[in-house]
Amino acid sequence: MSEEFESTFITLTDEEGNEIELEYLDTVEYNGAVYMSFFPTIPEGEEESAVDDEDYGLIILKVISDNGEEEELVTIEDEAELNAVYDLFMETLFEEEDEEGTTE
């Protein structure tokens, strides 16, 4: 299988100690900061209909450095910032789809 179609998965631990597995989608820069997008995976034993649940949508996290050493992924609290980064991810996604459609 081509590397183009392989997925990268990461496991994050939230502040309460819960682990969540995410599928990495893309990274973008906005206003000098780095953001990463993910989709949550469907835990074993749960039906795929769980994807319709609002908890299974696109997740955008901001990458911050702790004194320049360790990077941490954090949620975006500012709604305007989140909306702008979401729009940037969507533009990137649709550009990629358009490019794939034109290379026949």
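Visitor: Residues and numbers for the layout of surface pockets, please.
Guide: Rolled over the atoms, a probe sized like a water molecule indicates the empty space that remains. Considered as a void within the structure, the second largest pocket measures approximately 420 Å³ in volume. Taken together, 15 residues form the lining of the second largest pocket, with Leu12, Asp14, Leu61, Leu73 and Thr75 sitting closest to its centre. Elements supplying a minimum of two residues to the lining of the second largest pocket: β1 (8-13), β2 (19-30), β4 (59-66) and β5 (70-75). The element contributing the most residues to the lining of the second largest pocket is β5, with 4 residues.

Visitor: Outline the pattern of salt bridges, listing residues and values.
Guide: Under the definition given, this model contains 1 salt bridge. Across the pair lysine 62 and glutamate 81 runs a salt bridge, and its minimum N-O distance is 3.2 Å. Here lysine 62 is found in strand β4, whereas its partner glutamate 81 is found in helix α1 (residues 79-102), with 19 residues between them in sequence. Overall, the relative accessible area of 24% leaves lysine 62 in the partly exposed class.

Visitor: Go over the packing of aromatic side chains with me, naming the residues and quoting the values.
Guide: Overall, the coordinates contain 2 aromatic pairs when judged by the stated rule. Their ring planes at 65° and their centres at 5.9 Å tell us that tyrosine 24 and phenylalanine 38 sit as a pair that is edge-to-face. Residue tyrosine 24 is found in strand β2, and its partner phenylalanine 38 is found in strand β3 (residues 33-40); the two are separated by 14 residues along the sequence. Under the relative-accessibility criterion, phenylalanine 38 is labelled buried at 1%.

Basis of the calculations
Residues numbered from 1 in each chain as written. Predicted model: local features only at pLDDT ≥ 70, side-chain atom pairs only at ≥ 80, totals over all residues. Heavy atoms only, no water. 1 Å grid on protein atoms, 1.4 Å probe; cavity = no way out; pocket = protein on both sides within 12 Å on 5 of 7 lines; lining within 4 Å. Points joined across faces, edges and corners; volume = space filled by probe spheres on them. Helix = DSSP H or I, 4+ residues; strand = E, 2+ residues; numbered from the N terminus. Salt bridge = Lys/Arg side-chain N within 4 Å of Asp/Glu carboxyl O. Buried < 20%, exposed > 50% of the residue type's maximum accessible area, 1.4 Å probe, protein only. Phe/Tyr/Trp six-rings, centres within 6.5 Å; stacked < 30°, edge-to-face > 60°.

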